[in-house]
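# Notes for the structure review
Here is what each chain is made of, one letter per residue.
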Amino acid sequence: MYETFAHTADVGLRVKAPDLNTLFADAGQGFFTLIVSNLSDVELRSRVEFHIAGRDLAYLLADWLNELLFVFESRRLLLREFEVTVDPDGLKAVARGETVDEGRHVLDHEVKAVTYHGLRVEQLNGDWLAEVIVDI
Amino acid sequence: MVAERYDGPLERVTPYCWRIPKSYKTGMRVDGLIFADERLIALIREDPALEQVANVAFLPGIQRASLAMPDIHWGYGFPIGGVCATDPAQGGVISPGGVGYDINCGVRLMRSNLFQKDVEPNLETLIHEMFQKIPTGVGRGGIYHFSHSELHGLMESGPAALQERGLAVERDVQFTEAHGRLDGAKPDYVSGRALDRGYDQCGSLGAGNHFMELQVVERICDEQAARLMGLQLDMVCVMIHSGSRGLGYQVCDDALRSLRHAPEEYGIELPDRQLVCAPVDSPSGERYLGAMRAAANFAWCNRQLLMWQAREVFQAVFGRSWEDLGLQLVYDVAHNIAKLEEHVIEGQKKHVWVHRKGATRAFPPHHPEVPTEYASIGQPVLIPGDMGRASWVLVGQPTSMEQSFGSACHGAGRLLSRHAAVRRAQGRRIDQELREQGIIACSRSWKGLAEEQPEAYKDVDVVVDVVDKAGLAKKVARLRPIGVIKG
């Protein structure tokens, strides 16, 4: 589950999930809802694999979202579905989506970067919570 | 994270200057000083910006104070509207967050020989041609293609490198801050990823708060300065706001990543990890500076190409050359940058690294970096407001050097979060509302326009008033928008 939260100049993304795999998958999806207005209109025509090393969960989250940003910018790919496996050394993921079709996709925000301000990944009452601020 | 109101100490020093004493938090090396009046300080308290001013005061080598301009608002690490100077001789650091992701985001203003009455009959056509021809929008690239070595040339030399391609003239370069070139740029330090993100984006506007605006000079406050800049009442001008695009964003991100553990390595204690930094004279510091300067030079090329494309649109619509139309650059300023500058601190001349994060250089009359034509009036300071109200042209004042390291504000400053702005815009057509005010707005995204609506920003007149009364920069002219294109 994800939602955005207010930040004066930028946008915050807050994600809650029962486990880390779902947390990172939902964070990916939440991230793309910042870019495209109608994520549900993104079809599943392309597949991308990710392998990201990192032992600090907060930095891993930032690195994960920054990889997604790079894929969007360099390949104009919008990704909607995510399968993520987080382990002590990093994460592996498969994501599906399609390239931007300006006739069908409305792009809302140009994301400059995923910032480290207020970045957190922690457990609260058994659930996982992540927060990150994205520079628009 | 909650946008917490600032409830720490705040002392009024003058009607336009407030202090956060360094006793507020253990670790603050200097006070915080905020340029604002009573109205603005009440708004400024409502988000964590002032806490960030206090945090910046932790930086090693910081001189005089952690400064904030009247348009300050919550950023990441540094507040937007923050200024600080660090002395390398005192272990001073360079902090990428003090420059921002959009390295050398800035503004340029072009004047013309056209007046509102000349443009009115063609205004719709002009705006729509601009929207068609000038690349805007999320992740959209430009129309110019540069080889790898040409790209290196742009990063090394700035817009001077575009002269060979016939995309800049000498005067354009002369009337750009730093002549569009920071010395010591190292294009080789710019990562492959940064090049992948930005190689085709030179000459594109981007999205968010970037824009190209047609404006009319509606008030002149300083006749002599306006005359020297070639500005007259009712004159049509073009203002451009954009930066280093994906290339710059990635250079900053790369630096923040590589400097993650630098504070621990150098024994620097920071209250916020986004303030990551390294001593200027360290290998990490040098590496960032080389890449940052390359990105800054790229940004100046970006604004040069945007201006060039605007000239071409005017040529096509009016059937005359841009030279004949008088489409000359008034000035170009950076408002996200770090520069090595000479300042007098406690009676001594020192070279310090001035970080301006959402703040504009405002050098006084006769400063060697001010173009000769403007020597008697000072450096033009260009302050874009929101798309519904106004923008301002000012000139730097002598007292800016001793108060703010020759710095002024950069805009109106956001008032509403993007969320709040979109909520307020529900059911509304912002473009139609602007049209009713005589402003034609073209944007690629309803949400983008909603987030950037006039109500989302503080009143630029109030912000500029403080800058003027505090002696940082003096008002020259107020410009009113008549058309805007956005991504």
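Definitions and limits used
Residues numbered from 1 in each chain as written. Chains lettered and ligands numbered in written order. Predicted model: local features only at pLDDT ≥ 70, side-chain atom pairs only at ≥ 80, totals over all residues. Helix = DSSP H or I, 4+ residues; strand = E, 2+ residues; numbered from the N terminus. Buried ≥ 20, exposed ≤ 12 C-beta atoms within 10 Å, placed from the backbone. Contact = placed C-beta atoms within 7 Å. Core = buried A, V, L, I, M, F, W, Y, C linked by C-beta atoms within 7 Å. Nonpolar A, V, L, I, M, F, W, Y, C, P; charged D, E, K, R; others polar.

### Quick look at the overall build of chain B
Each helix and strand counted, chain B has 16 helices and 19 strands in total. Dimensions along the principal axes, computed over C-alpha positions, put chain B at roughly 65 × 50 × 50 Å. Across the 487 residues of chain B, 61% fall into the buried class. Looking at chain B alone, contacts between residues at least 24 apart form 77% of all its contacts between residues at least 6 apart.

### Details of the overall build of chain A
Counting secondary structure elements, chain A contains two helices and eight strands. Listing each helix as α and each strand as β along chain A from the N terminus yields β-β-α-β-α-β-β-β-β-β. Dimensions along the principal axes, computed over C-alpha positions, put chain A at roughly 45 × 35 × 20 Å. The proportion of buried residues among the 136 residues of chain A is 48%. At a minimum sequence separation of 6, the contacts of chain A that also span at least 24 residues come to 64%.

### Focus on the environment of glycine 81 of chain B
All names here are of chain B. When you line up the elements, glycine 81 lands in strand β5 (residues 78-86). Separated by 203 residues in sequence, glycine 81 and serine 284 have C-alpha atoms that sit 25 Å apart. The contacts of glycine 81, once residues within four sequence positions are left out, are Ala68, Met69, Asp71, Ile72, His73, Gly358, Ala359, Cys409, His410 and Gly413.

### A short note on the nonpolar core
Counting 217 residues, the largest nonpolar core has Leu61 of chain A together with Ala295 and Leu394 of chain B as the members making the most contacts within it. The greatest single-element share of this core, amounting to 18 residues, is contributed by helix α11 (residues 283-318) of chain B. Filtering out sequence-adjacent residues up to four positions away, leucine 394 of chain B remains in contact with Val381, Ile383, Ala408, Val464, Val467, Asp468, Ala473, Lys474, Lys475 and Val476 of chain B.

### Looking at the interface of chain B and chain A
Residue-level contacts link 37 residues of chain B with 29 residues of chain A. If you list the elements that add at least two residues to the side of chain B that touches chain A, you get β4 (65-76), α7 (192-198), α9 (245-258), α13 (418-425) and α15 (446-451) of chain B. Per-element tally for the side of chain B that touches chain A: the top contributor is α9 of chain B, with five residues. Classifying every residue of the side of chain B that touches chain A gives twelve nonpolar, 14 polar and eleven charged.

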